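# Structure at a glance
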Amino acid sequence: MKHRPFIILFMLLSTVLLSGCWDRAELQDLDIVSAIGIDEGSDDLDNRYHVTVQVINEGQIAGVQGQGVNGNIAPVTIYSATGSNVEEALRKIAPKLPQELFYPHVQLLVIGEELTRKKGIEDLFDWIERDTRFRTLFPVLVAKNSTAMNVLQIVTSLEPIPSAKIVGALEATQETWGVFSSTRADKVIKQLSGEVAVLTGVQIIGPPEKGNSMTNVQVIDPPAELELLGLGIFKRGKLQRWLVEDAARGAMLINNELTKTIVNLDCEQKKKGIAVDMVRSKTKINTEIKNNKPVFYVSVRSESHIVEVHCPIDLSKHDIIKQLEKQIEEEIKEEIIMAIDAAKEEKSDIFRFGEYVNRKDPTLWKEIEKKWNDEVFPETEVNVNVQAFIRRSGLRTKPYIK
Amino acid sequence: MEKAKISVIQLFAMMFLFELGSAVVVSLGIGAKKDAWLAILFGMCGGVALFFIYYFLFRQYPNLPFTGYARKIFGKYLGWSIGLLYTVYFLYAAARNLRDFGDLLLSSTMIETPLLAIHILFVLTICYVLYLGIEVVGRTAEVMIVILIFLGVTANLSVYLSGEVDLRNLQPFLENGWKPIITTAFPLTTYFPFSEMFVFTMLLPYLNRPELAKKVWLSALIVSGLFLSYTACLNIAVLGVEELERSIFPLLSTIGKINLFEFIQRLDAIVVFTFLITMFFKIAIYFYAAVIGMADLFKVKKHQHILFPIGLILIFLSIMIASDFSEHIEEGQKITSYFIHIPFHIIIPLFMLVVAMTRNHFKKKAN
Amino acid sequence: MNSAWKRLTKIHNKRKQAPQYKETEIKSNIQKVSEHLDENLKNIKDALGNSSDLEIREFKMGKPSLHKVAIIYINGLADKNIISNFVIERLMGNVHNTESVNPQSPSQLFTYIKENIVAVGTVEGITDWDKMLLSLLSGKTILLLDGWNQVISCAAEGGELRSITEPTIEPAVRGPKESFVESLITNTAMIRHRIKSPNLWIETMKLGNITQTDVAIMYVKGIVDDKLLTEVKERIGKIEVEEVGGSNTIEEWITDDTLTPWPTMFVTERPDVVAGQLLEGRVTIFVDGTPNPIILPATWISFFQTAEDYYLRWSMASFLRFLRIVAFIMTLFGPSLFISFTAFHSELIPTALLISLAAQRQGIPFPIFFEALLMELTFEVLREAGVRMPRPIGQAVSIVGALVLGEAAVAAGIVSSAMVIVVAGTAIASFTIPHHPMMDAVRLLRFLMMVLAASFGLYGVGLGLIVLVAHTCSVRSFGIPYLAPFAPLIFADWKDAFMRMPKPFLSTRPRLINQTNITRTGNSKNRGPKPREN
């Protein structure tokens, strides 16, 4: 009984407050944005960026009882606008849509190559971090030789949402092919707060205009497809050059981001006649300070097994396996050195070697920090040491060809 | 003073939750960069040292709250006004923490809700729980600490399993030498949150076994210190120092990195709940101290009678103290630490200690 | 003005007085039994208003047929066989040696009949008129003798009573298969059967000015806390009602806190539960006519324990308890969390799930809160309809409700299938809570949480949680904190709280309920077989 006045007051105040519902947003009133693309706008201040959003058409993705999936309606739609900053452009898009744009589920951010070369991306990411509506766990890609808008308007096969396809491809290639680092937004921001950054590229194969239609997926061999390609080296926010294939793989190896890949080896008759599946690899980087200069020792230890052989060799012999291991070691070493050389050429420490120096000798690092990328790093000695092991050769020892 | 008794475990739970308060979600001790965890541990040692001042005073007057023995030591009038100063300080601290809470909640999850609505609802909740008495607060703390442990374990496991923890972010140790660590630890981390436990001098008389007061206080201090230090380590290991320095709500960013099996992700709710629970106790205890202080000074029989008016003051104070979040933080770091914490947590208690000792000395001589 | 004020205050004062109940019924003008048989019979008839179930048999007893006697009983409450075989026949036929007593002295005859003739278990001489009426109305048979101002009341109660059946609300796969019935005596006997200790004490009293219902307090002397017992008796003593309809009347009168959603007393229909609780030091209140005695004090966790827990293996029992608590949390927070996640924090839902949810909600006219409210209310209506209907129709109701209505509502796009899943999941989870009062509490609290969620999202739910926990901490059941083994923390009692430890470990009684006699006899170290020699 003693609570009575209290409870009455509580209820009264609550009813007043509860009628608020300020932050409420019903699901049907949201347009879920699955990807954002940023392109070069024009040189005048009001239209600096051209921003594209890809909005999911939920009904087309998740078939609901009684509604069904209509094959003629695209699963996603894009809208774009220009503005002097990204948020402004996004706001300008809003009136074009029936509902409120909803950003937390952005899966992909694509940046046009022109923008990366002209304006640079150094100052482009603040809004992602600052705005609580964004998650920072989506990858950031660079549209190679194209615009972000073109990338976002390709209708993809097998996966209705194009951005989901790209993200899936990123994850799959990282596991089995190992060429592309998934450049997550938060890691990109971290890289950009230094001087140098690495981003993965995406490329349209085929004519982009053909991709912007449902007919693109109505044929068995789609005329326009998306493909992930190489790593772009950025310095002070501007794209310097692309690392592709082997060099890109080398860079991944150094950064310890590569877990599985295929390495091709030569056997006596055929060049690249043996395929080895690398299942595990680990890279260690050690630093030594010699004469006030850092020296790096990159040591890679990888385990693999043989998956395909095109020439008659007897894999039950330990010696042959040893020879193959030597080959892998050389192959990997070559890739790593390619990557390091490319980085040195661009005077960009994409491997974040500087941090190792800092950990080893903070005082030295403070001295050389300012001139690290431009002066010290290109001159630094990097030693590569690879240990490769072939553990087993599958279910067969010798191949059937003689 | 209520006629209530709280058990040792309840007091521990309250102290622990109080200490975590907002300290667990903000970038505590970031002035020491990568060695923030060490600064926190040093701050904890400072808290331990200060504790012995409060403990001596408590031993002299085990049945009185701080405002009570202020009058015993300084005499009726001076002691009364000092007591009043302290209750106003407690109210101000409650308002500051309420503002912290509201601002962080708004900038993290509820962008469009007005601050006032959040504050009113929160203060109403606090009033209700305090209306039920300190015993209920203690028991609630006991239940909530279990929920908190559950949330903490879930969050930690997820962070570790997502593979986001990179201990290399903590290296090199002592990157900038000892100086930034010491200057961060004294005064900043000592005051926030460790010497804030001063407010429990108002609650110690309720303890059912006063002989264990020292143990409870010290263990709560040390456990929470270790826990905060661990959290700082985790934040640095996951986010890196640069991001930590930039963010106002680092624990939320840390939890935001969780991604397990592409399905267990976006566990922000855990942080919000943790924050809600810990801040609830921090504000409630400050507020309670203010209320029973007032009740003691103005001879109100039941603290329930003045709960609502003071709650109203609390709401308005929390809105009025700053116009924006930056001002609020700056006020906290520059003004509150030096002009409020130092005199209220160190100088006056130390002075009281001296007076009490001299009095004892003369009393003994007289005997 | 002055007089008006006085009148007002007078009314006010009148209201403030303790409620006065009319005490007319059995209290009649007559105080004592009269010496004249005819007068007595007339008075009885008048008192009962010539009720048709009043049976009066007048006859003359003894060989010389000297004395007029009468037997009265209430038809249906008395056992006619006993009356004719052991009272009437003995009085009429076989009284040969009435000559040995002085026939002129009715007092001698009265004693003789009482001591030598009436062959039933209990006989009692009554002079008080009200007492006579009460025992008549309780089913006893009254023997009146002309010329003497006492009557004999013979215990020959009978009539139709429900027999002991299997428990329906708290069934157990293993364990006893009997449940309480309406008759107080049968119920107390069932407990006696289980606890053959002289320390099992029963105190009976009559409550209800009109109904005169028998209420029995049962406890085990030496185990029960005396303070608790006095408190219970004191609170029962304060009850002033006309009718005690069932145990819930008592419950609502003596409860600690009327404004709490939680049940503060435990109700059961199983004698084994009562026996177990008595041995933990609790008090049981039986009410005649109700097959559900009240056990007190009760704690929150006791509503998650079932009789079955003590018959299953401890591991399974513990798992089931854990499951029930999870189900409890699901019921309480399921719909509200769903509302707050979908309406306030869509960013926290995994993308794939969100797309599916958003697709389902396209075209649904209601905001999610109203959708949830609609579904929950529909569910409550269905449940109520199913309960009130006779069983065969009840099934039809549930089929129509669950399948047809649910399916059609989803197909018509009025509600989303995700909402149906949430509501149905919540409903099923709520059925696992074993005790109805707790289930009802959760059913109501769920709506409160939904309102909070609809207004403030997770923040509202969080505050609701804090308020709920604080409130629950403040509730007491007969002085015992409601969240007892958790807050205040009594770690020793955890062995039978969230989990049930094997029986040998349950060697102490709950701490707060028992202040003195905590240790149960028995030693967990003596359990199991001896180690083998070989």
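This report concerns the structure included in the present document. Keep in mind that what you see is a predicted model, and the values were worked out from it rather than measured. (Residues numbered from 1 in each chain as written. Chains lettered and ligands numbered in written order. Predicted model: local features only at pLDDT ≥ 70, side-chain atom pairs only at ≥ 80, totals over all residues.)

## Quick word on the overall build of chain A
Summing up its helical and strand segments, chain A has 15 helices and 13 strands in all. Looking at chain A as a whole, 42% of its 402 residues are labelled buried. Considering only residue pairs separated by 6 or more positions, chain A has 73% of its internal contacts joining residues 24 or more positions apart. (Helix = DSSP H or I, 4+ residues; strand = E, 2+ residues; numbered from the N terminus. Buried ≥ 20, exposed ≤ 12 C-beta atoms within 10 Å, placed from the backbone. Contact = placed C-beta atoms within 7 Å.)

## Some thoughts on the interface of chain C and chain B
Where interface size is given, it is often the accessible area lost as the parts come together that is meant. Contact with chain C, which involves 21 residues of that partner, is made by 26 residues of chain B. Per element, the largest residue contribution to the side of chain C that touches chain B is 10 residues, and it comes from helix H16 (residues 458-474) of chain C. Residue composition of the side of chain C that touches chain B, by class: 16 nonpolar, 4 polar and 1 charged. (Nonpolar A, V, L, I, M, F, W, Y, C, P; charged D, E, K, R; others polar.)

## What to know about the packing of helix H1 (residues 8-20) of chain B against helix H6 (residues 134-161) of chain B
All names here are of chain B. Taken N-terminus to C-terminus, the directions of H1 and H6 make an angle of 65°; their axes are 8 Å apart at the nearest point. One finds that H1 runs roughly perpendicular with respect to H6. As for how H1 packs across H6, the hand of that crossing is left-handed. Contacts between H1 and H6 involve Ile9, Gln10, Leu11, Ala13, Met14, Phe16 and Leu17 on the former and, on the latter, Val137, Gly138, Arg139, Ala141, Glu142, Met144 and Ile145. Considering only residue class, the contact of H1 with H6 consists of 10 nonpolar, 2 polar and 2 charged. (Axes fitted to C-alpha atoms, helices over the stretch in contact; angles between N-to-C directions. Parallel < 35°, antiparallel > 145°, perpendicular 65-115°, else oblique. Left-handed = near helix turned anticlockwise from the far one by under 90°.)

## Considerations on the nonpolar core
Core analysis: the largest hydrophobic core is formed by 324 residues, its most contacted members being Val110 of chain A together with Leu17, Ala94, Leu130, Ala284 and Phe287 of chain B. Looking at which element gives the most residues to this core, the answer is helix H11 (residues 268-297) of chain B, with 21 residues. Both domain 2 (184-298) and domain 3 (314-481) of chain C contribute no fewer than three residues apiece to this core. Beyond its immediate chain neighbours, meaning those up to four positions away, phenylalanine 287 of chain B contacts Ala94, Ile126, Leu130 and Leu314 of chain B. Formed by 30 residues, the second largest nonpolar core is a distinct cluster that contains Ile83, Val123, Cys154 and Ala156 of chain C. (Core = buried A, V, L, I, M, F, W, Y, C linked by C-beta atoms within 7 Å. Domains from an automatic or database assignment.)

## Section: the sheet that holds strand S1 (residues 54-61) of chain C
Residues and elements named next belong to chain C. Pairing within the open sheet is antiparallel, and its 5 strands lie in the order S1-S2-S4-S5-S3. Because the sheet does not close on itself, it has two edges, and the strands there are S1 and strand S3 (123-126). Averaged over neighbouring strand pairs, the angle between their axes works out to 25° when direction is ignored. Of the strand pairs in this sheet, S3 and strand S5 (residues 151-154) are connected by 4 bridges, and their pairing is antiparallel. If you follow glutamate 124 over to S5, its bridge partner there is serine 153. Lying over the sheet, helix H3 (residues 80-92) contacts S1, strand S2 (67-74), strand S4 (141-145) and S5, oriented at roughly 170° with respect to S2. (Pairing = 2+ DSSP bridges.)

## Focus on the interface of chain C and chain A
Each side of the interface is counted separately: chain C has 26 residues, and chain A has 25 residues. Elements represented by at least two residues in the side of chain C that touches chain A include exactly helix H10 (314-343), helix H11 (351-361), helix H13 (391-411) and helix H15 (436-456) of chain C. In terms of residue count, H11 of chain C provides more of the side of chain C that touches chain A than any other element does, 9 residues in total. A breakdown of the residues in the side of chain C that touches chain A according to their chemical character gives 15 nonpolar, 9 polar and 2 charged.

## With respect to the sheet that holds strand S8 (residues 266-267) of chain C
Residues and elements named next belong to chain C. A sheet is described by the order of its strands in space; here 5 strands give the open sequence S6-S7-S9-S10-S8, paired in antiparallel fashion. Two strands in the sheet have a free side with no partner beyond their single neighbour: strand S6 (200-207) and S8. Of the pairings in the sheet, the one linking S8 to strand S10 (residues 294-296) comprises 2 bridges and is antiparallel in character. When the bridges of S10 are listed, valine 267 appears paired with isoleucine 294. Of the strands in this sheet, strand S7 (213-220), strand S9 (283-287) and S10 are in contact with helix H9 (residues 271-279), which crosses S7 at around 50°.

Fair warning: the whole summary comes from geometry, so function is off the table for now.
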